[in-house]
Structure formats: C-alpha cells, structure tokens
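Residue strings, one per chain:
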Amino acid sequence: MDEFILMALAAGLGLALVAGPLGSFVVWRRMAYFGDTLAHSALLGIALGFLFGIHLNLGILVVCALVAVLLVTLRRRQRLASDTVLGILAHSSLSLGLVAIAFMEGLRVDLMGYLFGDILAVTPLDLYWIFGGGAVVLGTLVLIWRPLLAITIHEELAQVEGVRALPVQLIFMALVALTIALAMQIVGILLVTSMLIIPAAAARAFVRTPEQMAVAAAGVGCLAVIGGLVASFQWDLPTGPTIVVTATLLFALTTSLRAMLSPARA
Amino acid sequence: MPAVQSLSGKAMPRPALVRARGVAVRFGDRWVLEGVDLDVVPGRITTLVGNNGAGKSTLLRVLLGLTPPAAGSVERSGDLRIGYVPQHFAVDPNLPITARRFMALSGRVDRRRWREVTADAEVDTLLDQPLQVLSGGEMRRVLLARALLQRPSMLALDEPAAGLDGRSQGALYRLIGSLRDRYGCAVVVISHDLNLVMAASDEVLCLEHGRIACRGAPASVMEHPEYHKLFGSHLGPDTGVFPHDHHHGDRAHKVAGGGHG
C-alpha cells in the first residue's frame, strides 16, 4: 500500500478513537449544534493562521476557544436563546473566515479541502497533531469523566454534591475545540460534527453503560474510517464524505437491528 | 387558638446547619426574595409553601448554595452534607445508565448503607432499570435513595409529591418523617400539597412575593390570617398522618391556583 494511504488510515483511526468517547458526551449533553458552531468558526481560525503565519491548527484552536468562552458568557449573561446565539456565531464566523481569506492577496487556498476535508493530504506533522492532541483529549476526558457525567445527568444535583460545574464545562468545551481542530483535515469544517455525533448515536443501540457507549462509538468510528477509505478508493469518491456516509450506514444498521430485536422499543 | 410563634425566639439546643439572615435575591429589576431569615436545624422538618413566584424555589436554591444572595448572609456549618431531590429530572434518552450506576455515581458507598437505603426508599426492584423507563414516582424514590447515600445532615426536597397520587403522597411524607427520626437530619421541603405539608412539618414558612407572610408550627400557621388570605380558610389535614387534636368544620379540599413553582 502507498504510504499516503497508510497515513490517511492512521489519521482517520486516530480521530475515530478520540471522537467516539467525546462525541458520546456531545450527544448526551445535546451539544451537536454547539460542535457545529465551533467547526464553522474554524475557518476564521484558518484565515488567522495564514495571516499570522502560524500552524493552522493553532489558529483554529484559538478561535474555537474564543467562541466557546463567548458562548458560555452570552448564555450566562443574557436571556437570548442559546440556539439563536449559536446560529449567529456559527454563520457569522464562517462568513467572516471566507471574507478574510478572500481579502488576503496572493493566497491560494484549497477551500474545498477545508470545507469537506482532505485526508489523503495528511502529512507526518498532521499525524503528530492527531495522536498527540488525541492523547491529550482522551487523557483529560478520563480525568474529568465522573464529574462530567454527573453534571451531564443533572447539573444542579452535581453542584449540590460538590462538583464545580463551570471548570468541568470549560474543560469539556476545550476538548471539543481541540478535537474539531484535529478532525478538520480529515472530514472538513462542514462534516466535523458528524464524526462526533454519528458513531456515538450508532453505538447507542447495543450498550448499557456510558463507558460501553464511549468504547463502542470509537469502534464504530474506526469501522467508518476503514470502510470509507476502502470505498473511496474503490469507486474514486471524495474520502471525507464517504467516511461520513459509511458511518451513517452503520447508524442505520445498528438502529434498525435494535428495532427488530426489540419491537416494543421501536 | 395558639398564636403564631417565632421559632427563632425559642432556645435552640443544636446549632443550625445553615443560617440565613436577611437574604434577598434579585432577578433583573425584580426582587424575588427579600429579608428572609431561616435556620436549618438538625431533626427539624421545615416546609416552604406559597403560590407560584412566591420565592420558594429561590429560597431553597440559596440554602443549597446554587444561587448567591444579593443581600444578607448565609452561613453554613462545617458538617453540612446535603442530600438533594430536585423536582425536575430528565436524562437524555441516548445516555445509557441504570438506577444502580446513577446512585453509585456520587462516590464511595459501603454495602450496609446501600442495603439500608435501597430498602428505605423501596428501590430494590428498580436498580437495574435504565433511568429513562422509570415513572415519575419511581425516579423520585431513586433520587431520595441517592440523596440518603450521602449520609446527609440536610435533606432538601423540591416538590417531592408533585405528580404522585394521594396515597403515595401520604406514604412519601410518612417516609420523610421516619427518615428524619432515624437519621436526625434536617429536612427542607417545598410543597404545594398543603394538607400533607402541614401534617409532616415542624415549621412552616409561608412565602408571598418573596417575603415571609407567616411562619411557625403547622397548627398555629393554619390559624394565621395571612395564611387564610393566601390559601383560603377551608383547609385542613385529611391524611391521617397529622398529630391533630381539633377538627375543622368541613372537609379539606384542594386549594385552587396551585401550579408548579
């Protein structure tokens, strides 16, 4: 096999292992739209990365972190519905990113690559980012697992029992931001959230504990990456979208199997 | 008829777990709580009653430390451990978790305590059920069991009887009373179910527009003009759990206008 295919596979699997457990929390906390907003704002981070000549992931990380903090603040201070805030931030930051990139003279950017991912262009440096960053995300997630699960189930109950909710929330948001920066290269801005949501949702059908779901989601994500890569080579398809389609097929499969096995719950 | 007595006037043998003085809370321009004094004392069941928007939930949140008061002071004793049963509890259907795991999530639990608590709250048969399939009453019992696992010095219950049928409500309040007797914990309850509340309380606080309209022992509060103004005059206990030595003229009925706070 070509080296670039192996690197693509390694990158995809690395991402799937991180996105599964983290995505489970995104699903439980009903933060799909939040993840989407962070992903949209990533393009502004890319523009900043070009502008200041820093690694694009760093630019993405900074912008995502700012957007996350802005969101938390706006939600605490004002009575604006949070999906309205998210909608405003998502699309204004995406547009701002597009406008900023258009302003930069002499810059030729593969916009399609950023929007839909370009896993076959993964470099060794990207792999360092994915595995280094991925290890940070998973390690931190393990550390905050119990308090995060507690505030996910009932925030005030957890607070009364002594969990400090705000720091845990902020750390979790930072993890989501980091994961989005890592996933950008593989599935692109517009499809990033799918890697968080779909494997987790597919895993839900056959698990009984939160931990099982996190592990199963990672497994489903890996299958989707392998299947998507194979299919995209076989039929010459765009890789990012093919991975997402594969994940969706797995979701449809597990969900309908579950429905068939226990018709009462369907 | 006994006059309404201020409980703070009596000698208190045990120090308060939470001591709130002159507590006030403001949402925007609106004061939702003003000048409230309250001691949460071990072994005493304190009930907060009042109409919608009277400030019951806000006061409980202040006692729990969830809402910081805009004015006044709240002192907590060092041995304050709170067991909390919130009114609203819904877990995302995508989160797979059993009652057993949920109960164990809060920390280390020794086996004897676990057996005692699951028997008290009658949750033995519910332990392996996913939280999402539990009925409102079952979920309330699981929350109560979880709260007891903390060995609470203060038990806080927000509308624990909401959505239960009459018989379950009576049983729930009897259970709360017996838990207090056994563990000697302080209990703070919010309720709309005035009959039941009166029956199982040591101290009742009637809140109106964020202020205490009247307070005292249940029997004396019931005779207070402010109480009648708030809840009508044909109110009396009919649950059989009230240690009750006099009779009102007519049968108790539900008070109109009580929704959820």
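If you're wondering where the values come from, they're calculated on a predicted model, not measured in any experiment.

Student: Kindly report on the overall build of chain A, identifying the contributing residues and their values.
Tutor: In terms of helices and strands, chain A carries twelve helices and zero strands. When the helices and strands of chain A are read in sequence order from the N terminus, they spell out α-α-α-α-α-α-α-α-α-α-α-α. The C-alpha radius of gyration of chain A comes to 18 Å, within 12% of the 18 Å expected for a compact globule of 266 residues. For chain A, buried positions account for 52% of its 266 residues. Partitioning the intrachain contacts of chain A with sequence separation of at least 6 by distance along the chain shows that 77% fall at a separation of at least 24.

Student: Which residues make up the pairing of strand 6 (residues 154-158) of chain B, and what values go with them?
Tutor: All names here are of chain B. The buried fraction of strand 6 is high, at five of five residues. Burial of the side chains of strand 6 extends over both faces: Met154, Ala156 and Asp158 are buried on one face and Leu155 and Leu157 on the other. Inspection of the sheet shows strand 6 paired to strand 7 (residues 186-190) by five bridges, in the parallel sense. Its bridge partner being in strand 7, Asp158 is matched across the sheet by Ile190. Tracing the backbone out of strand 6, into helix 5 (residues 166-183) and back to the parallel element strand 7 gives a crossover that is right-handed.

Student: I'd like a rundown of the nonpolar core, residues and numbers included.
Tutor: In terms of nonpolar packing, the biggest core is built from 168 residues, with Phe102(B) and Met154(B) touching the most fellow members. Sort the elements by how many residues they give to this core and helix 9 (residues 165-187) of chain A lands first, with 15 residues. In this view, Met154(B) contacts Leu17(B), Val18(B), Val40(B), Leu63(B), Leu64(B), Leu80(B), Arg81(B), Ile82(B), Gly83(B), Cys185(B), Ala186(B) and Val188(B); residues no more than four positions away in its chain are not counted.

Student: Please set out the confidence of the model for chain B residue by residue, giving values where relevant.
Tutor: Residue and element names in this part refer to chain B. Summary statistics for chain B give a mean pLDDT of 79 and a share of 82% for residues scoring 70 or more. With pLDDT under 50 throughout, residues 1-12 is counted as low confidence; its partners more than four residues away or in other chains account for 16 contacts. Per-residue pLDDT stays below 50 along residues 234-261; that stretch engages in 51 contacts with residues further than four places along the chain or on separate chains. Overall fold confidence (pTM) sits at 0.84, and the ipTM for the predicted complex is 0.85.

Student: Break down the packing of aromatic side chains for me, citing the residues and quoting the values.
Tutor: Residues and elements named next belong to chain A. Scanning all chains against the criterion turns up five aromatic pairs over all chains. When the ring of Phe25 is compared with that of Trp145, the centres are 4.9 Å apart and the planes differ by 80°; the resulting orientation is edge-to-face. One end of the pair, Phe25, is in helix 1 (residues 3-28); the other, Trp145, is in helix 7 (residues 145-153), and 120 residues separate them in sequence. Neither Phe25 nor Trp145 differs from the other in exposure class; each is buried. Grouped by ring-pair contacts, the aromatic residues Phe25, Trp28, Trp145 and Phe172 constitute a single cluster.

Student: Provide a residue-level description of the packing of helix 3 (residues 111-120) of chain B against helix 5 of chain B, including the pertinent values.
Tutor: Residue and element names in this part refer to chain B. Between helix 3 and helix 5, whose axes approach to 12 Å, the crossing angle comes to 150°. One finds that helix 3 runs roughly antiparallel with respect to helix 5. Along its contact with helix 3, which presents Arg113, Glu116 and Asp120, the element helix 5 presents Leu175, Leu179, Arg182 and Tyr183. For the contact of helix 3 with helix 5, the per-class residue count stands at three nonpolar, no polar and four charged.

Student: Could you give an account of the side chain of Thr239(A), naming the residues involved and the relevant values?
Tutor: For Thr239(A), the location among the structural elements is in helix 12 (residues 239-261). Excluding anything up to four places from it in sequence, Thr239(A) contacts Ile119(A), Leu120(A), Leu229(A) and Ser232(A).

Student: With reference to specific residues and values, describe the interface of chain A and chain B.
Tutor: By convention, interface size is frequently given as the accessible area that disappears when the constituent parts associate. Contact residues are listed per partner, giving 22 residues for chain A and 27 residues for chain B. Between chain A and chain B the total buried area reaches about 2100 Å² when both faces are included, carbon and sulfur atoms providing 59% of it. For the chain A face of the interface with chain B, the top three residues by lost area are Ile153(A), Leu157(A) and Val160(A), together amounting to 29%. At the boundary of chain A and chain B, one finds four salt bridges. Between the two partners, chain A and chain B, sit ten residue pairs in polar contact (both at pLDDT 80 or more). Looking at the side of chain A that touches chain B, the element that brings in the most residues is helix 7 of chain A, giving six residues. Looking at the side of chain A that touches chain B, its residues break down into eleven nonpolar, four polar and seven charged.

Student: Tell me about the packing of helix 11 (residues 210-235) of chain A against helix 12 of chain A, residues and numbers included.
Tutor: Residue and element names in this part refer to chain A. Between helix 11 and helix 12, whose axes approach to 7 Å, the crossing angle comes to 130°. Taken as axis vectors, helix 11 and helix 12 run oblique relative to one another. As helix 11 runs across helix 12, the sense of the crossing is right-handed. Residues Val220, Leu223, Ala224, Val225, Gly227, Gly228, Leu229, Ala231 and Ser232 of helix 11 form the contact with helix 12, whose participating residues are Thr239, Thr242, Ile243, Thr246, Ala247 and Leu250.

Student: Describe helix 6 (residues 124-143) of chain A, and please don't skip the residues or the numbers.
Tutor: Residues and elements named next belong to chain A. Between its first and last C-alpha, helix 6 extends 28 Å over 20 residues, near the 28 Å set by a 1.5 Å rise per residue. Inspection of helix 6 places Asp126, Leu127, Ile130, Gly133, Gly134, Val137 and Leu141 among the buried residues, and these make up the whole buried set. With its buried residues spanning 150° around the axis, helix 6 presents them on a single face. Across helix 6 from its buried face, at more than 90 degrees, point the exposed residues Tyr128, Val142 and Leu143. Of the surrounding elements, those touching the buried residues of helix 6 are helix 1, helix 7 and helix 9.

Student: So what about the pairing of strand 8 (residues 203-208) of chain B? Which residues, and what values?
Tutor: Residue and element names in this part refer to chain B. Buried residues dominate strand 8, accounting for five of its six residues. Bridge count for strand 3 (residues 45-50) against strand 8 is five bridges, and the pairing is parallel. Within the sheet, the bridge partner assigned to Thr47 lies in strand 8 and is Val204. Of the strand pairs in this sheet, strand 8 and strand 9 (residues 211-216) are connected by five bridges, and their pairing is antiparallel. Note on strand 9: the bridge partner recorded for Leu205 is Arg215. Taken together, strand 8 and the strand that follows it, strand 9, pair antiparallel across an intervening segment of two residues, in which His209 is found at a positive phi of about 45°.

Student: Account for helix 5 of chain B, with residues named and values stated.
Tutor: All names here are of chain B. Between its terminal C-alpha atoms helix 5 stretches 26 Å, which fits the 26 Å expected from 18 residues at 1.5 Å a residue. Every buried residue of helix 5 is listed here: Gln169, Gly170, Leu172, Tyr173, Leu175, Ile176, Gly177, Leu179 and Arg180. Remark: Gly184 follows helix 5 within two positions and exhibits a positive phi of approximately 65°.

What counts as what
Within each chain, residues carry numbers counting from 1 in the order of the written sequence. Chains carry letters and ligands carry numbers; both start at the beginning, A for chains and 1 for ligands, and go up in the order they are written. Local features in this predicted model are restricted to residues of pLDDT 70 or higher, and side-chain atom pairs are both shown and tallied only at a pLDDT of 80 or more, whereas totals for entire chains, interfaces and linings draw on every residue. Note that the side-chain values use all heavy atoms of the structure and ignore hydrogens as well as water. To qualify as a helix, a DSSP run of H or I must reach at least 4 residues; to qualify as a strand, a run of E must reach at least 2; elements of each kind are numbered from the N terminus. When we talk radius of gyration, it's over C-alpha atoms, and the globule rule is simply 2.2 Å times the number of residues to the 0.38. A simple rule labels every residue: compare its accessible area, found with a 1.4 Å probe on the protein chains alone, to the largest value its type can have, and call it buried under 20%, exposed over 50%, or partly exposed in between. Here a residue-residue contact requires only that any non-hydrogen atoms of the pair lie within 4.5 Å. Two strands make a pair as long as DSSP finds a minimum of two bridges between them. If the strands point away from the viewer and the path from the first strand over the helix to the second runs clockwise, then the crossover is right-handed. Grouping buried Ala, Val, Leu, Ile, Met, Phe, Trp, Tyr and Cys residues that are joined through side-chain atoms within 4.5 Å yields what is termed a nonpolar core. pLDDT expresses, on a scale from 0 to 100, how confident the predictor is about each individual residue. Side-chain rings of Phe, Tyr and Trp (the six-membered ring for Trp) are treated as a pair once their centres are within 6.5 Å; stacked means planes under 30 degrees apart, edge-to-face means over 60, and tilted covers the remaining angles. Lines fitted to C-alpha atoms define the axes here, with helix axes fitted over just the stretch in contact, and angles between the N-to-C directions of these axes take values from 0 to 180 degrees. In these notes the angle categories are as follows: under 35 degrees is roughly parallel, over 145 is roughly antiparallel, 65 to 115 is roughly perpendicular, and the rest is oblique. Under the scheme applied here, ten amino acids are nonpolar (Ala, Val, Leu, Ile, Met, Phe, Trp, Tyr, Cys and Pro), four are charged (Asp, Glu, Lys and Arg), and all others, including Gly, are polar. Buried surface area refers to the total accessible area, computed with a probe of radius 1.4 Å, that the two partners give up upon joining, counted for both partners together. Any carboxyl oxygen of Asp or Glu within 4 Å of a side-chain nitrogen of Lys or Arg constitutes a salt bridge here. Two N or O atoms count as a polar contact when they lie within 3.5 Å, although within protein this holds only if one can serve as hydrogen donor and the other as acceptor, and sequence-adjacent residues are included solely when both atoms are side-chain atoms. Each helix crossing is assigned a hand: it is left-handed if the near helix lies turned anticlockwise from the far helix by less than a right angle, otherwise right-handed if that turn is clockwise. One fewer than the residue count of a helix, multiplied by 1.5 Å, yields its expected span. Note that the arc is defined by the directions from the helix axis to the C-beta atoms.

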